[in-house]
Each structure stands twice: as C-alpha cells, then as structure tokens.
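# Breakdown of the fold
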Amino acid sequence: AFVLMPALFLGLSAVLDASVGGGVVLLIFILVVFVGFELLWLVGWPVGSPLCYKVLSQDSREDGRKALEKADREVQGLPEPEESPSAAEPAATQEPAGAQDVQV
C-alpha cells in the first residue's frame, strides 16, 4: 500500500499533465474502483456478507477487542470490571428505577 498509492497518484498526475480529459477519465475510474472495493469490503455482495468478515470473523474481532481492553486495564492499573448481580437477572424481574408502590 505504501508503494502502490504514491505510484497510482503519480501516474494520475502524469496523465493529467499529458491530457486533462484522459486524467479526468482515469480519476473517475479510480474512484469507481475504490468505491466498489469499499462497498464489497464493508457491505458485501450479496448484501450482508462483507469481505472483511471472511478475513477475520466477527467472533475473532470480539475476542481481540476483549483482549485489548484487558491489556489496557493492566497497563493503566485499573481493576477488572465486576459483573453486577442486577445485570445477570432477567429483565422481567427488575423494577424500573424510581418505581414505588403507590396505593390509590
């Protein structure tokens, strides 16, 4: 990427110096290819199967994120987060905050 991008844009600059029309056509072609790649990478074709998850699965990404958060806490000297008991209870048994028994 560090060699390809400068070479691509130096080539585009050379084409623009030689022919403005050809340079504009080449620029539009480069933009279409870039947008198409980003679309396939982030959204996928068919829609819903992005290429980025074929390289690294979503579960692997989540595991990496958790490992990074743990390493950050160790470096910063922060304690491990404790799971609160209220978070483990089902939502149906929890009362909304500020709920009181009201007699009419």
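What comes next concerns the included structure. Just so you know, these numbers come straight off a predicted model, no measurement behind them.

This paragraph deals with the overall build of the chain. The helix and strand tally for the chain stands at 5 helices and 0 strands. Scanning the chain from its N terminus toward the C terminus, one meets helices and strands in the order α-α-α-α-α. Here the chain, with 104 residues, has 7% of them falling under the buried criterion. Within the structure as shown, the chain displays about 9,100 Å² of accessible surface, and the carbon and sulfur contribution to it stands at 66%.

Take the side chain of R73 next. Along the polypeptide, R73 turns up in helix α4 (residues 58-76). In this structure, R73 is in contact with L78, P79, E80 and P81, ignoring residues within four places of it in sequence.

This part covers the pattern of salt bridges. For the coordinates displayed, the defined rule picks out 2 salt bridges. For the salt bridge of R65 with E62, the shortest nitrogen-to-oxygen distance reads 2.3 Å. With R65 and E62 both in helix α4 and 3 residues apart, this pair spans about one turn of that helix. Look at R65 and you get partly exposed, because its relative accessible area is 37%. The class for E62 is partly exposed, based on a relative accessible area of 32%. Residue E69 is joined to R65 by a salt bridge in which the shortest nitrogen-to-oxygen separation is 2.4 Å. Here R65 and E69 lie together in helix α4, a separation of 4 residues that amounts to about one turn. Of the residues examined, E69 reaches a relative accessible area of 35% and is grouped as partly exposed.

The next thing to look at is α4. Spanning 19 residues, α4 covers 27 Å between terminal C-alpha atoms, matching the ideal 27 Å at 1.5 Å per step. A positive phi of about 75° marks G77, the residue just after α4.

Glycine aside, residues mostly have negative phi angles, and peptide bonds mostly take the trans form. Geometrically, the link from W45 to P46 is a cis peptide bond, its omega value of 5° lying close to zero. On the secondary structure map, P46 appears in the loop between α2 (20-42) and α3 (52-55).

Definitions and cut-offs
- By convention here, each chain's residues receive numbers from 1 onward along its written sequence.
- Whole-chain, interface and lining totals are the exception, using all residues; otherwise, since this is a predicted model, local features are given only for residues with pLDDT of at least 70 and side-chain atom pairs are given and counted only at 80 or more.
- Side-chain numbers here rest on the full set of heavy atoms in the structure, without hydrogens or water.
- Helix numbers and strand numbers start at the N terminus; a helix is a DSSP run of H or I with at least 4 residues, a strand a run of E with at least 2.
- Each residue's exposure class comes from its accessible area (1.4 Å probe, protein chains only) as a fraction of the maximum for that residue type: buried when under 20%, exposed when over 50%, partly exposed otherwise.
- To measure how exposed things are, a 1.4 Å probe is used in the Shrake-Rupley method; for residues, cover is taken only from the protein chains shown.
- Only heavy atoms enter the contact rule, under which two residues are in contact if any of them lie within 4.5 Å.
- Any Lys or Arg side-chain nitrogen found within 4 Å of a carboxyl oxygen on Asp or Glu counts as a salt bridge.
- By this rule, a helix spans an expected 1.5 Å times one less than how many residues it contains.

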